[in-house]
Amino acid sequence: MVRQYRIHTDLDGSNNKIYDMTNGLIRFYQPSDLGIINSTNIWQSQGIGVMGNNNISHPDIDFKFETFGNSLEENYRIFNEFINSIIKQKYITLEYTNEIGTFYADIQLSKITKTEGYGFDGQFSETISFIPVNMWYVYEQLKFSKVQNGEIGGNTKIYGNKETTIYPNLNLLDGTKDFSGIWNNSSLWTDDGTYNGLNVRKRTESQKGTYKIWTVPSDGTYTFSCYVKSTGNNAKVHGAFIVNGKRETDRTFGDNFDWKRDSITRTLNAGDSITYSYEMAGSAVDSTIWVAGYKIESGSTTTPYMPSSSEVQPSDYRNYGSYKYDYNYFGEDNIERFSKWKIDDGIFSFTARMTPSQNVENMSGYGVRFLDEQFNEYTALIFGNTTKPDSIQFNTDVNDEYYQAQIGTSTINMFSALNYQRFRTRFIQKGTMKLVNVDVVEMNVKRKVEFV
């Protein structure tokens, strides 16, 4: 696979903007150094050495930075918009995907060169430099909750699930989630609900598939996919793949089938004009065809549907994290008794959203507490407030710290309500976490990885 780079302007925030730096109009190439520096203090006398503390650090990172707009004006605009959006942040987050996983690094812009756009179509070819802030870590999503379920009898059961999912590529085609923009033969197709969160369009007559014209941005391998469905015995559904006005492939799917995800991979040249569509080649008597979720992506692997780089939202990515953990507690009234999460080493910060227990009155505090391997509390985030909040959100990252509570329509700062005597450290040790007077905790944790 090709190494993937993305930039997040605010990874933990609701206003996060994501730039695809591998397939987008701005791209990163040839990082100068993604390695580590291991420094050890050594005291020597007459050739005898005594090793002291060692420290792992990361060198500054330089990338080749290039724009791929269609005109000199567009290249100036996308260049300026990108730099102005990241320079406003205290730091940004680099997402790096390689053959062994997806990793993150908090970085700060150090330098960007700017010459004049003399390349093809006025493209810029520059050097951009970043100072490492936190390198490297994995970003994990966890949810702890109490589920009321009267049908489960007998002993209380705790269910835990950990699953690894494919991290999908962004779509290279705009407007495929809701068929927005210009679609050929659009007026001949009608809306018909949704499938997997995607708008569905249908046609009850033969021929005239709906499609968008797409121009290949650069030489390479591309995969085209779509959800398609048919009913009736006179559909004879087929898919037409057309390159530069010439029908390159005509694929037959037959009649009367449920939703399937069709895909086709082809090697194409920059500037090729591409269309692909699905239609009924038969009489279409008493037959219908449905389509949803067109996608074009780089490479030869079909990945789950995603919108384009201009349409993607943070929630789209977080549905496909590298790891996802879910813990549910069934049939237990005292959630505090069972709400424990076994912790491994390496967590240095996390964001969380907590919902205080609704059936506990006159509570003295609510939050989470952390126990070491000997079950001694070494730190806790416990909040006390005269009015019970609807929810509490906080971020323990020292570079982006906040503590907020939602009470009705008001948002208040909870920093003064934090129990400082129990909040002793931000670094989470190996051990367990327990919930204190809360029903649900949703967490995003950053786990340190020294070398990727």
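Look above for the structure.
Keep in mind it's a predicted model, so treat the numbers as computed, not measured.

Parameters at a glance
Residues numbered from 1 in each chain as written. Predicted model: local features only at pLDDT ≥ 70, side-chain atom pairs only at ≥ 80, totals over all residues. Heavy atoms only, no water. Salt bridge = Lys/Arg side-chain N within 4 Å of Asp/Glu carboxyl O. Helix = DSSP H or I, 4+ residues; strand = E, 2+ residues; numbered from the N terminus. Buried < 20%, exposed > 50% of the residue type's maximum accessible area, 1.4 Å probe, protein only. Phe/Tyr/Trp six-rings, centres within 6.5 Å; stacked < 30°, edge-to-face > 60°. Pairing = 2+ DSSP bridges. Axes fitted to C-alpha atoms, helices over the stretch in contact; angles between N-to-C directions. Core = buried A, V, L, I, M, F, W, Y, C linked by side-chain atoms within 4.5 Å. Contact = heavy atoms within 4.5 Å. Patch = residues over 30% accessible without salt bridge, like charges linked within 9 Å, V, L, I, M, F, W, Y side chains within 5 Å. Areas by Shrake-Rupley, 256 points an atom, 1.4 Å probe, with all protein chains shown as cover.

**Student:** Describe the pattern of salt bridges, listing the residues and the values that go with them.
**Tutor:** Any two side chains of opposite charge can pair, given that their charged atoms come close. Across all of its chains, the model carries eleven salt bridges by this definition. Measuring nitrogen to oxygen at the nearest pair gives 2.7 Å for the salt bridge that ties Arg251 to Asp262. One end of the pair, Arg251, is in strand β16 (residues 246–254); the other, Asp262, is in strand β17 (residues 257–268), and eleven residues separate them in sequence. Its relative accessible area of 25% is what places Arg251 among the partly exposed residues. The class of Asp262 is buried, set by a relative accessible area of 6%. Three or more residues are tied together by salt bridges with common partners; here these are Glu74, Arg77 and Glu81.

**Student:** Before we move on, can you summarise the environment of Val440 with the specific residues and values?
**Tutor:** The residue Val440 is located in strand β29 (residues 438–448) in this model. Accessibility expressed as a relative area gives 19% for Val440, which makes it buried. Once the C-alpha coordinates of Val440 and Pro356 are considered, the two residues, 84 residues apart in sequence, prove to be 7.4 Å apart.

**Student:** Break down the packing of aromatic side chains for me, with residues and values.
**Tutor:** The geometry of an aromatic ring pair is captured by two quantities: the separation of the ring centres and the angle between the planes. With the rule as written, the count across this model stands at 31 aromatic pairs. Measuring from ring centre to ring centre gives 5.5 Å for Tyr5 and Tyr96, while their planes differ by 15°; the resulting arrangement is stacked. Of this pair, Tyr5 sits in strand β1 (residues 4–8) while Tyr96 sits in strand β7 (residues 92–98), and the two are 91 residues apart along the sequence. For Tyr5, a relative accessible area of 4% translates into the label buried.

**Student:** Tell me about the pairing of β29, and name the residues and values.
**Tutor:** For a regular strand, side-chain orientation follows a simple rule: the groups alternate between the two sheet faces. With respect to burial, β29 is a largely interior element, nine of its eleven residues being buried. In the sheet, strand β22 (residues 347–356) pairs with β29 via nine bridges, with the strands oriented antiparallel. Note that in β29 the partner of Ile347 across the bridge is Arg447.

**Student:** Which residues make up the sheet that holds strand β15 (residues 237–243), and what are the values?
**Tutor:** Taken together, four strands build an open sheet; the order of strands is β13-β18-β15-β16 and the sheet is antiparallel. Looking at the sheet topology across the chains shown, the edges are occupied by β13 (214–215) and β16. As paired strands, β15 and β16 are joined by seven bridges and run antiparallel to one another. Residue pairing in the sheet places His238 in a bridge with Thr252 of β16.

**Student:** Go over the sheet that holds β17 with me, naming the residues and quoting the values.
**Tutor:** Taken together, the five strands give an open sheet; going across it, the order is β11-β12-β19-β14-β17, and neighbouring strands pair in antiparallel fashion. Each edge of the open sheet carries a strand with a single partner, namely β11 (190–195) and β17. Shown here is a sheet whose adjacent strand axes are inclined to one another by a mean of 30°, direction ignored.

**Student:** A description of the nonpolar core should follow, citing residues and the corresponding values.
**Tutor:** Counting 30 residues, the largest nonpolar core has Ile7, Phe28, Phe82, Ile128, Phe130 and Trp136 as its most contacted members. Put simply, the parts of the chain that give this core at least two residues each are β1, β3 (26–29), β6 (61–67), α1 (72–87), β7, β8 (101–112) and β9 (125–147). Here Phe130 is in contact with Phe28, Asp60, Ile61, Phe63, Ile86, Ile92, Ile107, Gln108, Leu109 and Ser110, once residues within four sequence places are set aside. Among the nonpolar cores identified, the runner-up in size contains 27 residues, and Phe224, Phe253, Ile264 and Ala284 belong to it.

**Student:** Any chance you could break down a nonpolar patch on the surface for me, citing the residues and the numbers?
**Tutor:** A surface patch of nonpolar side chains, about 270 Å² in accessible area, is lined by Ile36, Ile56 and Phe451. Position of Ile36 relative to the elements: it lies in the loop between β3 and β4 (37–45).

**Student:** So, unusual backbone geometry: which residues are in play, and what are the values?
**Tutor:** Cis geometry is adopted by the peptide bond preceding Trp136, which originates at Met135 and carries an omega value of -25°. Of note in this structure, Gln207 is not a glycine but carries a positive phi near 60°. With respect to the helices, strands and loops of the structure, Gln207 is situated in the loop between β12 (198–203) and β13. The exposure class assigned to Gln207 is partly exposed, which follows from its relative accessible area of 33%.

**Student:** Give a detailed account of the side chain of Ser287, specifying residues and quantitative values.
**Tutor:** Locating Ser287 in the fold gives a position in the loop between β18 (273–280) and β19 (288–298). Overall, the relative accessible area of 2% leaves Ser287 in the buried class. Not counting residues within four places of it along the chain, the set of residues in contact with Ser287 comprises Arg203, Thr204, Thr231, Gly232, Asn233, Asn234, Ala235 and Met280.

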